[in-house]
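Residue-level listing of the chains:
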Amino acid sequence: MTTYDERASHGGAPDRAYSRVGDDLTAVVERVRDSVEGVIEGKPEVVRLSLTVLLAEGHLLIEDVPGVGKTMLAKALARSIDCSVRRIQFTPDLLPSDITGVSIWDQQRRDFEFKPGAIFAQVVIGDEINRASPKTQSALLESMEERQVTIDGKTYELPSPFMVVATQNPVEMEGTYPLPEAQRDRFMARVSVGYPSAEAELQMLDVHGGVSPLEDLQPVAHADEILKLIEAVRDVYVAEPIRRYVVDLVAATRTHPDLRLGASPRATLHLLRAAKASAALGGRDYALPDDVQALAVAVLAHRLLPTAQAQLNRRTSEQVVQEILQRTPVPAERARPSADAPRQGGLGRGGPGYGQQPPRRL
């Protein structure tokens, strides 16, 4: 890959627009990360995954026991970006129209007027999503996949960027409904916040003991900046061996004896897009197998259904994905696109598949 400096030294005009995109990516992401980490103590990996899903145009499911900061993580991410934010508190009596909207008869105009629901925002926070009935949960299916809502035969486009950040308690908790398979499959990744370490919890007492840090949290990035970053992430180069590696991992879940439901083709796309975003966050314009491996559990595990025997043996979906990662051969071939070959991406320039040279800061 020809770097910016190499192009200049060979007499070629440096691609200054490409350099600016890289600088913007690093600067904006760092601002958002620092903003969220100022609220969520001691969980940098959770914050990184949240940013990965945002830049990969996905939706995030945060699952854990009450009181560990699920809603606070969602709010911190939403408030760090200057965009429209709506929060939906899911309850058993919540109706689908409360989410998507409803057409109301206007007496003066003598016509129906559409009243948009809470889904019409750039960042939608769904708190305790599994406390609503499956009928209400299904109201999110079209909006999460197609980024639109159809009411009374009319289709309404949702704003961009669009991201659903949903929280849920474990299914064993009282008064919850398991998410349908179709609903889980639309979430790009699932993350558990977990309990903080003793040091982080002590620091939390100092920071959160008096007032919530969310009250002073100000936007550090604009929605237009996020859209530019999303466009840049789309162009991250993924070599053919790595794309085949993604397919092999997903295919292995469909034939594993401990699973009665494997990952869908949508999961394959989500894993690839998440790997691209992870590469960009790592300062590279090309993906590595490490990007895929680091995200495989978060992207695949929540879509899988273990068999009854596996559940009796206390085998979890996460353990199965880890086993698949150990058994699936990691691609060893080095791939570099030729100068005149069509590229899949590369943030402005064709890059190596992986292992060609040290990562270059964007």
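Read on for a plain summary of the structure. Every value quoted in this text rests on a predicted model; they were computed, and no experiment measured them.

Either a parallel or an antiparallel arrangement is found when strands of a sheet pair, and the pairing is made through backbone hydrogen bonds. Pairing is parallel in the open sheet, where 5 strands are placed in the order E3-E6-E9-E1-E10. Each edge of the open sheet is held by one strand with a lone partner, namely strand E3 (85-89) and strand E10 (189-191). Mean inter-strand twist for the sheet, computed between neighbouring axes without regard to direction, equals 15°. Note that strand E1 (residues 60-63) and E10 share 3 bridges and pair parallel. The partner of Ile 62 across the bridge, within E10, is Val 191. Lying on the sheet, helix H3 (residues 44-55) is in contact with E1, strand E9 (163-168) and E10; it crosses E10 at an angle near 160°.

Time to look at the nonpolar core. Counting residues in hydrophobic clusters, the biggest one holds 71 residues, and the most contacted among them are Val 36, Leu 60, Leu 77, Ile 226, Val 292 and Leu 300. With 9 residues, helix H12 (residues 265-281) is the single largest residue contributor to this core. Among all residues touching Leu 60, those that are not within four sequence positions of it are Ser 50, Val 53, Met 163, Val 164, Val 165, Ala 166, Phe 187, Ala 189 and Val 191. Of all hydrophobic cores here, the second largest spans 24 residues; its members include Leu 94, Met 144, Leu 179 and Phe 187.

Attention now moves to the environment of Met 188. Among the secondary structure elements, Met 188 is positioned in the loop between helix H8 (181-185) and E10. In sequence terms Met 188 and Gly 58 are 130 residues apart; their C-alpha atoms lie 5.2 Å from each other. The residues touching Met 188, leaving out its near neighbours within four places in the chain, are Val 53, Ala 56, Glu 57, Gly 58, His 59, His 270, Arg 273, Ala 274, Ala 298, Val 299, His 302 and Arg 303.

Applying the stated criterion across every chain, the model contains 3 aromatic pairs. Ring geometry for Trp 105 versus Phe 112: centroids 5.1 Å apart, planes at 75°, classification edge-to-face. Taking relative accessible area as the criterion, Trp 105 reaches 37% and is therefore assigned partly exposed. Residue class for Phe 112 comes out exposed when judged on its relative accessible area of 51%. On the basis of an interplanar angle of 10° and a centroid distance of 4.1 Å, the ring pair of Phe 114 and Tyr 156 is categorised as stacked. In this pair, Phe 114 sits in strand E5 (residues 111-116) while Tyr 156 sits in strand E8 (residues 154-157), placing the two residues 42 residues apart along the sequence. The class of Tyr 156 is partly exposed, set by a relative accessible area of 22%. In this structure an aromatic cluster arises from ring pairing among Phe 114, Phe 120 and Tyr 156.

Attention now moves to helix H10 (residues 223-234). Given a rise of 1.5 Å per residue, 12 residues ought to cover 16 Å, and the 17 Å separating the end C-alpha atoms of H10 matches this to within 8%. Among all positions in H10, only Ala 223, Ile 226, Leu 229, Ile 230, Ala 232 and Val 233 are buried.

This brings us to the environment of Tyr 177. As for its placement among the helices and strands, Tyr 177 is situated in the loop between E9 and H8. Note: C-alpha distance between Tyr 177 and Ala 132 (45 residues apart in sequence) is 7.0 Å. Not counting residues up to four positions away in its chain, the partners in contact with Tyr 177 are Asn 130, Arg 131, Ala 132, Ser 133, Pro 134 and Gln 137.

The next subject is the pairing of E8. Sheet topology note: the strand E7 (residues 148-151)/E8 ladder contains 4 bridges and is antiparallel. Pairing of Gln 148 across the sheet is with Glu 157, part of E8. Taken together, E7 and the strand that follows it, E8, pair antiparallel across an intervening segment of 2 residues, in which Asp 152 is found at a positive phi of about 55°.

Criteria and cut-off values
- Residues numbered from 1 in each chain as written.
- Predicted model: local features only at pLDDT ≥ 70, side-chain atom pairs only at ≥ 80, totals over all residues.
- Heavy atoms only, no water.
- Pairing = 2+ DSSP bridges.
- Helix = DSSP H or I, 4+ residues; strand = E, 2+ residues; numbered from the N terminus.
- Axes fitted to C-alpha atoms, helices over the stretch in contact; angles between N-to-C directions.
- Contact = heavy atoms within 4.5 Å.
- Core = buried A, V, L, I, M, F, W, Y, C linked by side-chain atoms within 4.5 Å.
- Buried < 20%, exposed > 50% of the residue type's maximum accessible area, 1.4 Å probe, protein only.
- Phe/Tyr/Trp six-rings, centres within 6.5 Å; stacked < 30°, edge-to-face > 60°.
- Expected span 1.5 Å × (residues − 1).

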